[in-house]
Amino acid sequence: MSSEFSIDKLKATLEKYHQSHVLRYWGDLDNEERKRLIDQLDDIDFNLVLYLASLLKNTKKSEPLKMSPAPVIDLPETKEEKAAFENARTLGEEVIRAGRVGAFLVAGGQGSRLGFDGPKGCYPIGPVSGKSLFQMHAEKILSAQRRCKTVIPWYIMTSETNDGDTRRFFERYHYFGLKSSDVMFFKQRMVPALNEDGQMILDRKDHIFTSPNGHGGSLQAMMESGAIANMKERGIDVISYFQVDNVLIQILDPLFIGFHVQANAEMSSKMLRKRGPYEKLGHFGLVNGQLQVVEYSDMQEADMQARNQDGRLKYGAGSPAIHLIQPDFIVQEMEGGIQLPYHVARKKIPYLNQAGKQMIPDRPNGYKFEMFVFDALRDTRNSVILEAVREHEFSPVKNKTGQDSPETARRDLSNYFGEWLEAAGIEVPRDKSGNVRGVVEIGPLFADCQEAFVKKISQDVTFDGSFYLDG
Ligand code: UTP
């Protein structure tokens, strides 16, 4: 609370923005609670709230977009393509060795579908080791640092809801072997949720419900926190963006980095071949000639179904949310305070009933607002989209059970490392669906790629249903 605080001024501001109801319980609050509420109100950008409320009035369903397929670098088939891949890989290795790459993790989300008590990155996921997602990511970075004899700073975006727990987790585990001075945490901004009438929602008498402003909030957060300035000081010109829940992420992929740098791309993306027309991944497409990730709900039905002559889906390029970004592009995006668009989602928001008691609704009762990082692709002049093999690069932990759950992530890890064993001539039994019968895990500090594993593993090893090797 600033020393010049005046309740009358606050009331006038709230009235101007149609939010006076947030002081409904003012008379019930003690000094500390009042301070808490005032401090929170101090941080809220009321012009943004007004703008978000205006989005709710626009109920017109948007027309499906007219699009054309985006150009993609497919997996190599010809000799020339394979040579181009080798060139890109060599260049990428050089860029990593030169210390030009920083890792950037977005970990500010709420992980509501998983329903884990704590930041999602603390979730134990190693199929044998039980290592957390954070540890798995950290060890990939550490092993790349050792292999390339360089420093790869790690920038981690958290949010108000999980920042303290995330930092404590890293401290408790001594940053998993990384130097703490090379790991930088910063928080993204929160935005208030709104009800149907565009009003903010109290979830306590002294607190307004807010949620993180989406992974697209990372551009602003990187600028405001000094992360971009830190990158500049360190000579970083490639940011490797990844999400906390992808257990198969290749954080420092020389191939991808090589293609990105070669093309002088401002922002690049990996892409996966969609499993079918209705798989819920965003699609890379050109809209009015400009690259975009188009959500499946914004596509025309005919486009969803359309196939090329070879039988592949015409719009089969799905986004696994893996990007490379130039720091200068972020500076340019943020110049003049340009913001990515906000997406609106109807959600269940805790609220206070007539008696002032917190209630959790059964049905959505309000709206949350998020920016998506891939919307920045629209502003790129140069961008590379590189095909990735799903089984090697993408298996997210989103839900408690079923598809994209801890169970499927552990299965996918075992299948992935099972291939390494097979490449080394070790027999691995598989079931009818091709899944490894048993569990396999290889820590990045033992080997960080199949080639390195095959070189290192001794010939007389066998698989007895559970296999684990670590640094
Ligand atoms: P998701 O869209 O899967 O959201 O985030 P979530 O919050 O993890 O999970 P649900 O939807 O509540 O179940 C994809 C990635 O983007 C990050 C997440 O931490 C995750 O790495 N993210 C998401 C942020 O960093 N900030 C946000 O505001 C939203």
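Everything below is about the structure shown above.
It should be emphasised that the depicted structure is a prediction, and the values quoted were computed from it without experimental measurement.

Asks: Run through the side chain of Thr150, naming residues and quoting values.
Replies: Checked against the element boundaries, Thr150 lands in the loop between α5 (133–148) and β3 (154–158). On the basis of relative accessibility, which here comes to 14%, the residue Thr150 falls in the buried class. Once you skip the residues sitting within four places of it in the chain, Thr150 turns out to touch Ile96, Arg97, Ala98, Gly99 and Gln145.

Asks: Which residues make up the nonpolar core, and what values do they have?
Replies: Core analysis: the largest hydrophobic core is formed by 60 residues, its most contacted members being Leu41, Phe104, Met200, Met222 and Phe284. Looking at which element gives the most residues to this core, the answer is helix α3 (residues 46–57), with 5 residues. Formed by 40 residues, the second largest nonpolar core is a distinct cluster that contains Phe134, Ala144, Ile152 and Leu178.

Asks: Describe in detail the packing of aromatic side chains, supporting the description with residues and values.
Replies: This model, assessed by the stated rule, comprises 21 aromatic pairs. Ring geometry for Phe104 and Tyr241: centres 5.9 Å apart, planes at 65°, overall edge-to-face. One end of the pair, Phe104, is in strand β2 (residues 101–106); the other, Tyr241, is in strand β9 (residues 238–243), with 137 residues separating them in the sequence. Assigned by exposure class, Phe104 and Tyr241 land together as buried. With 5.4 Å between their ring centres and 50° between their planes, Phe372 and Phe374 make a pair best called tilted. When sorted by exposure, Phe372 lands in the same class as Phe374, which is buried. Within the aromatic cluster, the residues linked to one another by ring pairs are Phe134, Trp154, Phe169, Phe170, Tyr173, Tyr175, Phe176, Phe185 and Phe242.

Asks: Pulling in residues and values, what's your account of the site of the ligand?
Replies: In the vicinity of the ligand, 18 residues are found, and the nearest of them are Val106, Gln110, Ser112, Gln188 and Lys398. Contact distances for the ligand include 2.9 Å between an oxygen atom and a backbone N or O atom of Gly109. Between the ligand and Val244, the relevant distance is 3.0 Å, taken from an oxygen atom to a main-chain nitrogen or oxygen of the residue. Against a free-state accessible area of 560 Å², the protein chains account for coverage of 89% of the ligand. Looking at the shell around the ligand residue by residue, the classes come out as 5 nonpolar, 9 polar and 4 charged.

Asks: Help me get a handle on the packing of helix α8 (residues 227–234) against helix α11 (residues 327–334), residues and values and all.
Replies: With their axes 10 Å apart at the nearest point, α8 and α11 run at an angle of 145° to one another. Considering only the axes of α8 and α11, their crossing is left-handed. Together, Ile228, Met231 and Lys232 of α8 and Pro327, Asp328, Ile330 and Val331 of α11 make up the contact between the two elements. Of the residues contributing to the contact of α8 with α11, the split by class is 5 nonpolar, no polar and 2 charged.

Asks: So what's going on with the environment of Leu178? Residues and values would help.
Replies: You can see Leu178 is positioned in the loop between α6 (163–172) and β4 (183–187). For the pair Leu178 and Val151, spaced 27 residues apart in sequence, the C-alpha to C-alpha distance is 9.7 Å. The contacts of Leu178, once residues within four sequence positions are left out, are Ala138, Ile141, Leu142, Gln145, Trp154 and Val183.

Asks: Talk me through unusual backbone geometry; I want residue IDs and the actual numbers.
Replies: In this model, Lys149 sits at a positive phi of 50°, which is unusual for a non-glycine residue. Counting through the fold element by element, Lys149 comes out in the loop between α5 and β3. Judged by its relative accessible area of 72%, Lys149 is exposed.

Asks: Before we move on, can you summarise the pattern of salt bridges with the specific residues and values?
Replies: Within this structure, the stated rule accounts for 29 salt bridges. One salt bridge in this structure joins Lys131 and Asp470, with 2.7 Å as the shortest N-O distance. You can see Lys131 sitting in the loop between β2 and α5 and its partner Asp470 sitting in the segment after β21 (466–469), a full 339 residues away along the chain. Overall, Lys131 belongs to the buried group, its relative accessible area being 6%.

Asks: Could you give me a rundown of the pairing of strand β12 (residues 290–294), with the residues and numbers involved?
Replies: Most of β12 is tucked away: 4 of the 5 residues are buried. Across 5 bridges, strand β11 (residues 283–287) lies against β12 in antiparallel orientation. Pairing of Val287 across the sheet is with Gln290, part of β12. Here β11 folds back onto β12, and the loop between the two strands holds 2 residues, one of which, Asn288, carries a positive phi near 50°.

Asks: Residue-level account of α5, with values.
Replies: Look at α5: 23 Å from first C-alpha to last across 16 residues, which is about the 22 Å you get at 1.5 Å a residue. Looking one or two places after α5, you find Lys149, whose phi comes out positive at around 50°.

Asks: Give me α8: which residues, what numbers.
Replies: Within α8, burial applies to Ala227, Ile228 and Met231. Mapping the buried residues of α8 onto a view down its axis gives an arc of 100°, with all of them on the same face. Phi turns positive one or two residues past the end of α8, at Gly235, with a value near 75°.

Asks: How would you sum up the state of the cysteines? Please name residues and give values.
Replies: All told, the structure shown has 0 disulfides when counted by the stated rule. Cys449 provides the cysteine sulfur closest to Cys148, a residue in no disulfide bond, and the two sulfurs are 11 Å apart.

Quick notes on the rules
- For every chain, the first residue of its written sequence is number 1, and the numbers climb from 1 along that sequence.
- At least 70 in pLDDT is required for a residue's local features to be given in this predicted model, at least 80 for side-chain atom pairs to be given and counted, and no such filter applies to totals for whole chains, interfaces and linings, which use all residues.
- Hydrogens are left out, water is left out, and the side-chain values use all remaining heavy atoms of the structure.
- Numbering of helices and strands starts at the N terminus; helices are DSSP runs of H or I of at least 4 residues and strands are runs of E of at least 2.
- Note on classification: 1.4 Å probe, protein chains only; a residue is buried when its accessible area is under 20% of the maximum for its type, exposed when over 50%, partly exposed between these limits.
- It only takes one pair of heavy atoms within 4.5 Å for two residues to be counted as in contact.
- Throughout this description, the term nonpolar core refers to a set of buried Ala, Val, Leu, Ile, Met, Phe, Trp, Tyr and Cys residues connected via side-chain atoms within 4.5 Å.
- Each pair of aromatic rings taken from Phe, Tyr and Trp, with Trp reduced to its six-membered ring, is defined by centres within 6.5 Å and is described as stacked if the planes are under 30 degrees apart, edge-to-face if over 60, and tilted in the remaining cases.
- Note on terminology: near, applied to a residue and a molecule or strand, indicates that one of the residue's heavy atoms is within 4 Å of it.
- A 3.5 Å cut-off defines polar contacts: any pair of N or O atoms within that distance qualifies, except that in protein one atom must be a possible hydrogen donor and the other a possible acceptor, and neighbouring residues in sequence count only when both atoms are side-chain atoms.
- Using the Shrake-Rupley algorithm and a 1.4 Å probe, accessible areas are obtained, with residue cover drawn only from the displayed protein chains.
- Residue polarity follows a fixed list, in which Ala, Val, Leu, Ile, Met, Phe, Trp, Tyr, Cys and Pro are nonpolar, Asp, Glu, Lys and Arg are charged, and the others, Gly among them, are polar.
- Inter-axis angles, ranging from 0 to 180 degrees, are taken between N-to-C directions of lines fitted to C-alpha atoms, where helices are fitted over the stretch in contact.
- In this scheme the crossing of two helices becomes right-handed for a clockwise turn of the near helix relative to the far one and left-handed for an anticlockwise turn of less than a right angle.
- In the sections that follow, a salt bridge refers to a side-chain nitrogen of Lys or Arg positioned within 4 Å of a carboxyl oxygen of Asp or Glu.
- Paired strands, as defined in this entry, are two strands with at least two bridges between them according to DSSP.
- What a helix should span is 1.5 Å times the count of its residues minus one.
- Arc definition: directions from the helix axis to the C-beta atoms.
- Cysteine sulfur atoms that pair up within 2.5 Å are treated as a disulfide.

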